Amino acid sequence: MGKSQKKKQMRRHNPMRVPDSHLPKGLASASASSSKTEAILPIIQKMESVDPLERKWACVAVSNLIQNDPSTRRLLQGRNIVGHLITRLSDSEEEVVIEAAGSLRNLCIDGGFDICAEMYNKNILAPLRTFIPKISATLAQFLVSPNDSPENAQKLVYEFADNVITILWCLSETSNKALNAINQISLVPFLMSFLASRDKLPLSTVYSAAQCLYVLTDENPPIIEEVRSNAEYTACLLAIVRSDQTVTKSNGKDKDTSGARATALRVLICGILRNISPIPPPSIAATVDLDRDVVLPTLEPVLSSTDLQEAAQVAQRAIDQQESVPQLESLSLKHTPKSDHRTPSELELERLETQLRTVQLALEILTGMCATLPDPEVFIGAPDADGQDDNEDDDDAGMEDTEDIDMTVEDNAGAPQAEASQPPAFFTTLVAPLLKFVQPTALSFPPLGAPSPHPPTTSALSAIHISALECLNNIFLSMATSARGRPSSLGLDPASGRTVFDAVWGALRLVGTEITAAGQERRREMWDMGVGVLWGVGNLFKGALVPTEEQVRVLIEFSNTTPDVHVKVKTIGTLECLAQHPESLDANRAITSYFLSLLPPKANPPTPTEPLLQAVSALIDIYSDETLPYDVNFRDGRYVDALVQSVDGVRKAVRGIDKKKERELRVHGEEVRDNLVAFIQYRRGLRL
């Protein structure tokens with residue numbers, strides 16, 4: 001158990017740009033770390049002023065104050081800023097409505113799930129629904145008679161549409177409840193109208209429409225079917241991604257980021273096309289091999305042209321040169337700055353963030369392409385016959401992969417084929433570029449005990465590292481399934497396995513082991529995903545990886561401290577692979593001692609069921625060949641006695657697995673229990 005491929009991110013394609021997790025909980029800590037505490041009350045008061053200029057000023061001030069400042073954002077949340085801004089969406093003055101939408105948009109993308117959930121709970125969808133037909137009608141008027149309206153008026157409408165669309169995109173990732181409510185708004189024709197008229201609209205607005213559609217087509221059947229079944233829509237999407245140069249208008253907001261956004265738009269369209277695949281006739285897209293002819297040719301240049309180390313250096317220079325934002329006390333009501341006021345260094349950081357988010361999106365799409373194994377959840381609750389077939393396959397597999405339920409499912413799903421299907425050819429060519437994206441930079445994580453100097457850049461960089469690890473995880477699980485313990489069948493040699501293992505381990509060393517402190521959640525995610533990759537590589541190259549004392553020690557410490565049962569399983573699996581290097585007797589002994597400490601009755605506290613089963617399977621696998629040099633440890637340490645003492649405890653743990661709720665785990669547990677008894681009998685029979 002424990003080996004599962006990552007299909008998609010959890011519903012959050014745009015991770016929190018400006019985290020506040022490094023702050024202690026509560027408003028007091030936010031107040032102590034914010035330099036703008038005294039500015040909060042005037043904003044709240046002016047938000048309710050009878051003077052529309054003051055209300056507009058208050059909305060703009062929110063955007064200015066929260067910029068890369070999680071402490072002030074939390075203080076504003078504590079004063080119900082979300083509720084005040086939602087009220088302003090129904091203001092009698094259009095300019096107040098526009099600025100309120102802009103501030104809500106910025107809160108969404110900076111603050112993440114909690115703020116989005118608060119907006120949904122405070123019924124932000126009610127005013128947003130009324131904006132959709134108004135924006136559509138105004139957009140149609142602009143497109144038919146572009147010269148009838150002043151350019152500045154058009155710009156305001158486009159930016160307002162951008163803000164509304166972005167809020168809807170963020171809300172749709174908040175919960176299934178919010179997503180279902182948004183499904184009822186009939187957004188697809190609205191969003192597609194922006195994509196269809198892309199040559200006449202600002203790129204930033206078209207990009208936001210594509211981003212929203214990408215999220216809405218992510219495993220969301222009603223929207224997928226609506227887009228997939230419309231040949232005009234799919235033809236439009238294909239035309240965008242196939243165009244060498246995305247033609248859109250560039251307004252002042254877009255000038256410095258238009259190239260990065262144009263690339264990002266094509267990558268988003270690739271994601272949408274994959275989300276809605278397979279596309280039925282008569283659409284022209286139905287005649288195209290999307291992955292081979294569209295997606296990969298679009299994504300590969302994005303990955304090959306990006307150097308994260310160089311990007312981090314560029315970002316650091318921009319941070320060092322960054323001019324301060326306008327101070328609140330210098331803002332007069334007559335000279336209210338625009339809410340998108342940005343300095344040259346901020347524009348450079350925005351361009352860079354767009355580039356990095358595009359890389360993250362490309363990796364996210366590739367992660368889905370590399371997920372060739374079926375979801376184990378599909379088989380939960382299936383007829384008993386499937387469970388019997390699973391057992392038959394596991395028996396045939398012997399002891400090589402008794403812990404790997406996903407792979408046995410693949411065998412069953414592939415019957416009556418005798419051989420597992422080969423992984424796609426592009427898998428091996430992806431590994432080297434992905435390893436490049438795994439390596440941390442100086443800005444990838446917040447410093448220990450302090451916030452990042454530029455949270456959006458740090459958020460994007462860490463997201464890229466984790467997405468690259470997710471993709472590698474899928475690649476090596478698929479390869480291990482196809483190779484069936486014979487990496488040479490895929491043209492792989494042990495040296496390549498050692499190179500990958502060392503590269504991932506090197507990245508984790510740079511991340512460091514200080515991963516439990518507040519604000520360091522991304523470091524922990526790197527480790528959680530990284531050990532999965534190490535396990536996948538280890539399974540493919542068992543016996544070829546030479547463990548170091550540091551690797552064994554750190555992995556054991558990580559296994560002991562991780563609160564996640566599934567991560568513990570992955571870590572035990574990785575240690576199992578390292579223990580099977582024939583000449584590394586000391587490492588084998590240390591790892592085995594750790595595994596035995598997890599077994600009943602000695603384990604205190606008792607080991608959770610899945611890690612326990614993994615440890616038992618590992619011991620069986622490690623010592624299934626008594627001719628290996630390290631088998632002397634088994635004999636000298638009298639490990640068979642410890643296994644005998646564990647049998648009753650393992651049986652009890654297996655009986656505790658609910659057959660109805662966790663059928664696969666129960667089947668796996670029963671197999672491990674039976675294998676343990678048989679293995680003890682086998683080793684005793686050797687009389688060594």
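So, how was this worked out
- Residues numbered from 1 in each chain as written.
- Predicted model: local features only at pLDDT ≥ 70, side-chain atom pairs only at ≥ 80, totals over all residues.
- Heavy atoms only, no water.
- Helix = DSSP H or I, 4+ residues; strand = E, 2+ residues; numbered from the N terminus.
- Contact = heavy atoms within 4.5 Å.
- Areas by Shrake-Rupley, 256 points an atom, 1.4 Å probe, with all protein chains shown as cover.
- Buried < 20%, exposed > 50% of the residue type's maximum accessible area, 1.4 Å probe, protein only.
- Axes fitted to C-alpha atoms, helices over the stretch in contact; angles between N-to-C directions.
- Parallel < 35°, antiparallel > 145°, perpendicular 65-115°, else oblique.
- Left-handed = near helix turned anticlockwise from the far one by under 90°.
- Nonpolar A, V, L, I, M, F, W, Y, C, P; charged D, E, K, R; others polar.
- Polar contact = N/O pair within 3.5 Å; in protein donor to acceptor, adjacent residues only side chain to side chain.
- Expected span 1.5 Å × (residues − 1).
- Phe/Tyr/Trp six-rings, centres within 6.5 Å; stacked < 30°, edge-to-face > 60°.
- Lys NZ or Arg CZ within 6 Å of the ring centre and 35° of its normal.
- Disulfide = S-S within 2.5 Å.
- pLDDT = per-residue confidence, 0-100.

## Notes on the overall build of the protein
Working step 1: A count of helical and extended segments in the protein gives 31 helices and zero strands.
Working step 2: Excluding contacts between residues fewer than 6 apart, the proportion of contacts in the protein whose partners are at least 24 apart in sequence is 80%.
Working step 3: As displayed, the protein offers around 28,300 Å² of accessible surface, 52% of which is attributable to carbon and sulfur atoms.

## Here we look at unusual backbone geometry
Working step 1: Residues Pro281 and Pro282 are joined by a peptide bond in cis, for which omega reads 10°.
Working step 2: Checked against the element boundaries, Pro282 lands in the loop between helix H15 (258–276) and helix H16 (290–304).
Working step 3: Following Pro600, the chain continues into Pro601 via a peptide bond in cis, with omega recorded as 5°.
Working step 4: Within the secondary structure, Pro601 is located in the loop between helix H27 (585–597) and helix H28 (609–622).
Working step 5: The phi dihedral of Ser186 falls on the positive side, at around 60°, and the residue is not glycine.
Working step 6: Within the secondary structure, Ser186 sits in the loop between helix H10 (176–183) and helix H11 (187–196).
Working step 7: Ser186 sits in the partly exposed class, given a relative accessible area of 42%.
Working step 8: A positive phi angle, near 50°, is found at Arg638, a position not held by glycine.
Working step 9: For Arg638, the position within the fold is in the loop between helix H29 (631–636) and helix H30 (639–655).

## What to know about the environment of Asn183
Working step 1: With respect to the helices and strands, Asn183 occurs in helix H10.
Working step 2: We classify Asn183 as buried; its relative accessible area is 14%.
Working step 3: Between the alpha carbons of Asn183 and Ser172 there is a distance of 8.8 Å; along the sequence they are 11 residues apart.
Working step 4: Look past the residues within four positions of Asn183 in its chain and what remains in contact with it is Leu216, Asn220, Pro222 and Ile223.

## Description of the packing of H11 against helix H12 (residues 203–216)
Working step 1: Axis separation between H11 and H12 bottoms out at 8 Å; the angle between their running directions is 140°. Classified by the angle between their axes, H11 and H12 sit oblique to one another. Between H11 and H12 the crossing geometry is left-handed. Residues Leu187, Val188, Leu191, Met192, Phe194 and Leu195 of H11 form the contact with H12, whose own contacting residues are Thr205, Val206, Ala209, Ala210, Cys212, Leu213 and Leu216.
Working step 2: The class makeup of the residues in the contact of H11 with H12 is 12 nonpolar, one polar and no charged.

## Quick notes on the side chain of Asn106
Working step 1: With respect to the helices, strands and loops of the structure, Asn106 is situated in helix H6 (residues 94–111).
Working step 2: Taking the relative accessible area as the measure of exposure, Asn106 reaches 17% and is therefore buried.
Working step 3: Here Arg105 takes part through its side chain, which lies 2.9 Å from a polar atom of the side chain of Asn106.

## Quick word on H28
Working step 1: Under the 1.5 Å per step criterion, the end-to-end length of H28 is 20 Å for 14 residues, consistent within 8% with the ideal 20 Å.
Working step 2: Burial analysis of H28 places 13 of its 14 residues in the buried class, the great majority of the element.

## Some words on the packing of aromatic side chains
Working step 1: Tallied over the entire structure, the rule returns 11 aromatic pairs.
Working step 2: Ring plane angle 70° and centroid distance 5.0 Å describe the contact between Phe131 and Phe160, whose orientation is recorded as edge-to-face. Of this pair, Phe131 sits in helix H8 (residues 125–144) while Phe160 sits in helix H9 (residues 151–172), and the two are 29 residues apart along the sequence. Both residues of the pair, Phe131 and Phe160, belong to the buried class.
Working step 3: Taken together, the ring pairs in this structure connect Tyr623, Tyr630, Phe634, Tyr639 and Phe679 into an aromatic cluster.
Working step 4: One residue, Lys46, lies across the ring of Trp57, its end atom 5.3 Å from the ring centre.
Working step 5: Here Arg683 stacks its cationic end above the ring of Phe634, 4.1 Å away from the centre of that ring.

## Looking at the state of the cysteines
Working step 1: Per the stated rule, a full pass over the model turns up zero disulfides.
Working step 2: As a non-bridged cysteine, Cys471 has Cys370 as the owner of its nearest cysteine sulfur, 3.8 Å distant.

## Quick word on the environment of Ser478
Working step 1: Among the structural elements, Ser478 can be located in helix H22 (residues 455–483).
Working step 2: You can call Ser478 buried: its relative accessible area is 3%.
Working step 3: For the pair Ser478 and Gly536, spaced 58 residues apart in sequence, the C-alpha to C-alpha distance is 8.9 Å.
Working step 4: Side-chain polar atoms of Ser478 contact the backbone oxygen of Cys370, separated by 3.4 Å.

## Overview of the confidence of the model for the protein
Working step 1: Here the protein shows a mean pLDDT of 84. Residues at 70 or above account for 81%.
Working step 2: Here helix H20 (residues 405–414) stands out as the least confident element of the protein, with mean pLDDT 31; H27 is the most confident, with 98.
Working step 3: Residue range residues 327–339 is modelled with pLDDT below 50. Its contacts to residues more than four positions away, or to other chains, number 19 contacts.
Working step 4: Confidence drops under a pLDDT of 50 for residues 376–420, and excluding neighbours within four residues, the segment shows 68 contacts in the predicted structure.

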